[in-house]
Amino acid sequence: MNKKDRYAVITDKGLKITYEELEKLEAAFIHGINRGSLILILCGNNIETLTAYTGCLKNGIVPIMVSADINGERLTELIKNYQPEYLWIPQKAGYKTAVYIRQGKRDPIYRYGGYSLFKSGVSRPDESAEKKVYKDLALLLSTSGSTGSSKLVRLSKDNIKTNTLDIIESLKISEYDRAVTTLPLHYTYGLSVINTHLYAGGLILLTEEKIISNAFWRFFNEHKGTFFAGVPYTYEILEKLKLYKKMPVSLKTMTQAGGRLDVELQKKICACAEQKEIDFYVMYGQTEATARISCMKSTLEQPLGSVGRPIGKEEVLISEEGEILVRGKNVSLGYAANRMDLSKGDENKGILHTGDLGYKDGKGYLYICGRLDRTAKIYGNRISLDELETILTGGFPGYTFISLVYGDKIIIFSDIREKDRIPEYLNRQTGFAKIVFQVISVCEIMRKENGKIDYRYYKEILDKTSLTI
């Protein structure tokens, strides 16, 4: 069958769109928008977002991808800082951008589904040569899918294409694969699923349903999904709610990235995957490296805890300080804080300082130990807060721990009830006195949209609260 006649997207709303129909939708969307224009897209896992994204990418229009649930103040900050010429917004989010629409004094110039395209009322910046959008700039993303900062990662066409091809090869993605959207489309990991499967001629099963919903599993099973991607939190939910039994028999590939996976949980997933004849891949990546850096098909025989070897022609180096460095065409151009920064070229020059601490074993397998900025010094001794959380997770399976430094103490937020056991346990494991640790019980663990723990939320609690320590 000709690629144009094959389905590219099936949505949980009943839409079935071929590759030829997708091209027509893309053409309708970008009609009249100049190459090099900047457009802010309020993203959902819907056909409106996907069509806009792929249309922009193919036609040299630069999208800023942010969540449709973004806080109104943060959205205002983004618009003021980056001055996008266009806004692609769902009707329900219109109130957040109403001031810019009114300033533009225009009705929507295009509508599709539940979205409208507006020319923004922000004055177009001075487009002198040094202030124009860099010719190779293709995409702007927040780091780790966070909407908490206006700092964005600048990604080029070559970054996206190189990484897409490397992932396709590593995961053996083909035109027969059907990937379900378990991750947000404004998150680099979620976008990489879209990029790889559409480039390979596969099918996207597009849904806004969460994996805890029966509707999600009905949709995934009905359309014989083959590909499931998740972050550690995704697999924690699968394990806690015993959702593996709902996996379709058609499922062939599962991937995990977006943070370090608990080794005991990894063993359980590997055992389940082996039983169901599913390939399970552990991956490591950063938005600043486009999406993926390393990959490993994980089995009980492979080195558990590793995130694999570099994909494609990428190189992974370890600095004298233990920081993971990446060299390759997947490394982003750099950061941006405002519209002026979009004229900058390749500042990284193909080398990324990840800020992650790690090491490689004798066979070249990479291991992540923590973050440079998550290393604390207590009473003259250094301790990795990430490693501390790993120790606690190993000693108290099923619970979550968030560790932060507060003065000369380490504060640990956790959903564990028997919190008095923690200081004594850490004393035995680390040698630090029990008085160093204070545990605060919480009913709910606050997470970002990508499933990662929202450390900023807990840091703000400490900054605003006078603790008795």
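One can find the structure itself at the top, above this paragraph.
Okay, so let's go over this structure.

Conventions we followed
- Residues numbered from 1 in each chain as written.
- Predicted model: local features only at pLDDT ≥ 70, side-chain atom pairs only at ≥ 80, totals over all residues.
- Heavy atoms only, no water.
- Helix = DSSP H or I, 4+ residues; strand = E, 2+ residues; numbered from the N terminus.
- Rg over C-alpha atoms; globule rule 2.2 N^0.38 Å.
- Contact = heavy atoms within 4.5 Å.
- Areas by Shrake-Rupley, 256 points an atom, 1.4 Å probe, with all protein chains shown as cover.
- Core = buried A, V, L, I, M, F, W, Y, C linked by side-chain atoms within 4.5 Å.
- Buried < 20%, exposed > 50% of the residue type's maximum accessible area, 1.4 Å probe, protein only.
- Phe/Tyr/Trp six-rings, centres within 6.5 Å; stacked < 30°, edge-to-face > 60°.
- Lys NZ or Arg CZ within 6 Å of the ring centre and 35° of its normal.
- Polar contact = N/O pair within 3.5 Å; in protein donor to acceptor, adjacent residues only side chain to side chain.
- Pairing = 2+ DSSP bridges.
- Axes fitted to C-alpha atoms, helices over the stretch in contact; angles between N-to-C directions.
- Patch = residues over 30% accessible without salt bridge, like charges linked within 9 Å, V, L, I, M, F, W, Y side chains within 5 Å.
- Salt bridge = Lys/Arg side-chain N within 4 Å of Asp/Glu carboxyl O.
- Lys, Arg positive; Asp, Glu negative; His and termini not counted.
- Charge placed at Lys NZ, Arg CZ, Asp CG, Glu CD.
- 1 Å grid on protein atoms, 1.4 Å probe; cavity = no way out; pocket = protein on both sides within 12 Å on 5 of 7 lines; lining within 4 Å.
- Points joined across faces, edges and corners; volume = space filled by probe spheres on them.
- Nonpolar A, V, L, I, M, F, W, Y, C, P; charged D, E, K, R; others polar.

What follows deals with the overall build of the chain. Secondary structure assignment for the chain yields 12 helices and 26 strands. Its C-alpha atoms give the chain a radius of gyration of 23 Å, within 12% of the compact-globule value 23 Å for 469 residues. For the chain, the C-alpha atoms occupy an extent of roughly 65 × 50 × 40 Å along the three principal directions. Put simply, of all contacts in the chain between residues at least 6 apart along the chain, 66% involve residues at least 24 apart. When the accessible area of the chain is evaluated, it comes to approximately 21500 Å², of which 49% is carbon and sulfur surface.

This paragraph deals with the environment of Ala229. Structurally, the position occupied by Ala229 is in strand β12 (residues 227–230). Between the alpha carbons of Ala229 and Gly407 there is a distance of 39 Å; along the sequence they are 178 residues apart. Those residues within four positions of Ala229 in sequence are excluded, and the remaining contacts are Thr182, Leu183, Tyr189, Val193, Tyr235 and Thr255.

Moving on to the nonpolar core. Residues Trp217, Phe228, Tyr235, Leu238, Met254 and Phe280 are the most contacted members of the largest nonpolar core, which totals 38 residues. Elements that contribute at least two residues to this core include exactly β11 (203–206), α7 (214–222), α8 (232–240), α9 (263–276), β14 (279–284), β18 (323–327) and β21 (366–371). Of all the elements, α9 adds the most residues to this core, at five residues. Dropping the residues within four chain positions of it, Leu238 is found in contact with Ile211, Trp217, Phe228, Leu243, Tyr244 and Met247. Counting 37 residues, the second-largest nonpolar core is a separate cluster that includes Val9, Ile17, Leu22 and Ile194.

Throughout the structure, instances matching the rule amount to 18 aromatic pairs. Taking 4.8 Å as the distance between ring centres and 70° as the angle between the ring planes, the aromatic pair formed by Phe29 and Trp88 counts as edge-to-face. Residue Phe29 is found in helix α1 (residues 19–30), and its partner Trp88 is found in strand β5 (residues 86–90); the two are separated by 59 residues along the sequence. Across this residue pair, the class does not change: Phe29 and Trp88 are buried. With 5.3 Å between their ring centres and 40° between their planes, Trp88 and Tyr115 make a pair best called tilted. With Trp88 in strand β5 and Tyr115 in strand β7 (residues 115–119), the pair connects residues that are 27 residues apart, well separated along the chain. On the basis of relative accessible area, Trp88 is assigned to the buried category, the value being 1%. Under the relative-accessibility criterion, Tyr115 is labelled buried at 3%. Among the aromatic residues, those joined into a cluster by ring pairs are Phe216, Trp217, Phe220, Phe228, Tyr235 and Phe280. The side chain of Lys151 reaches across the aromatic face of Tyr335, ending 4.2 Å from its centre. Over the aromatic face of Tyr189 sits the side chain of Arg292, whose NZ or CZ is 4.6 Å from the ring centroid.

Relative to the assigned elements, Asn163 resides in helix α5 (residues 157–171). Separated by 3.4 Å, the side chain of Asn163 and the backbone nitrogen of Ala291 make a polar contact. Residues within four places of Asn163 in sequence aside, it is in contact with Ala289, Thr290, Ala291, Arg292, Ile311, Glu314 and Asn330.

This part is about the sheet that holds strand β6 (residues 110–112). If you walk across this open sheet you meet the eight strands as β6-β7-β5-β3-β4-β8-β9-β19, and the pairing is mixed. Two strands bound the open sheet, and with one partner strand each, they are β6 and β19 (334–336). Within the sheet, the average angular offset between the axes of one strand and its neighbour, ignoring direction, is 25°. Bridging between β5 and β7 involves five bridges; their strand directions are antiparallel. Considered in β7, the bridge of Tyr86 is made with Lys119. Lying on the sheet, helix α3 (residues 72–82) is in contact with β3 (38–43), β4 (62–67), β5, β9 (152–156) and β19; it crosses β3 at an angle near 165°.

This paragraph deals with a negative patch on the surface. Negative charge collects at one region of the surface, where Asp5, Glu20, Glu21 and Glu23 lie side by side. For Glu23, the location among the structural elements is in helix α1. Looking at Glu23, the relative accessible area reads 38%, which means it is partly exposed.

What follows concerns empty space enclosed by the protein. Applying the stated criterion across every chain, the model contains five cavities of 30 Å³ or more. One number sums up the size of the largest cavity: a volume of about 80 Å³. Counting only elements with at least two residues in the lining of the largest cavity, the list comes to β8 (137–142), α5 and α6 (188–199). Considering only residue class, the lining of the largest cavity consists of eight nonpolar, six polar and no charged. Here the second largest cavity is characterised by a volume of approximately 60 Å³. Residue lining of the second largest cavity: 13 residues in total, with Ile167, Leu171, Tyr189, Ser192 and Val193 positioned closest to the centre. Those elements that place two or more of their residues in the lining of the second largest cavity are α5, α6 and β12. Counting residues per element, the lining of the second largest cavity draws most heavily on α6, which supplies five residues. Classifying every residue of the lining of the second largest cavity gives eight nonpolar, four polar and one charged.

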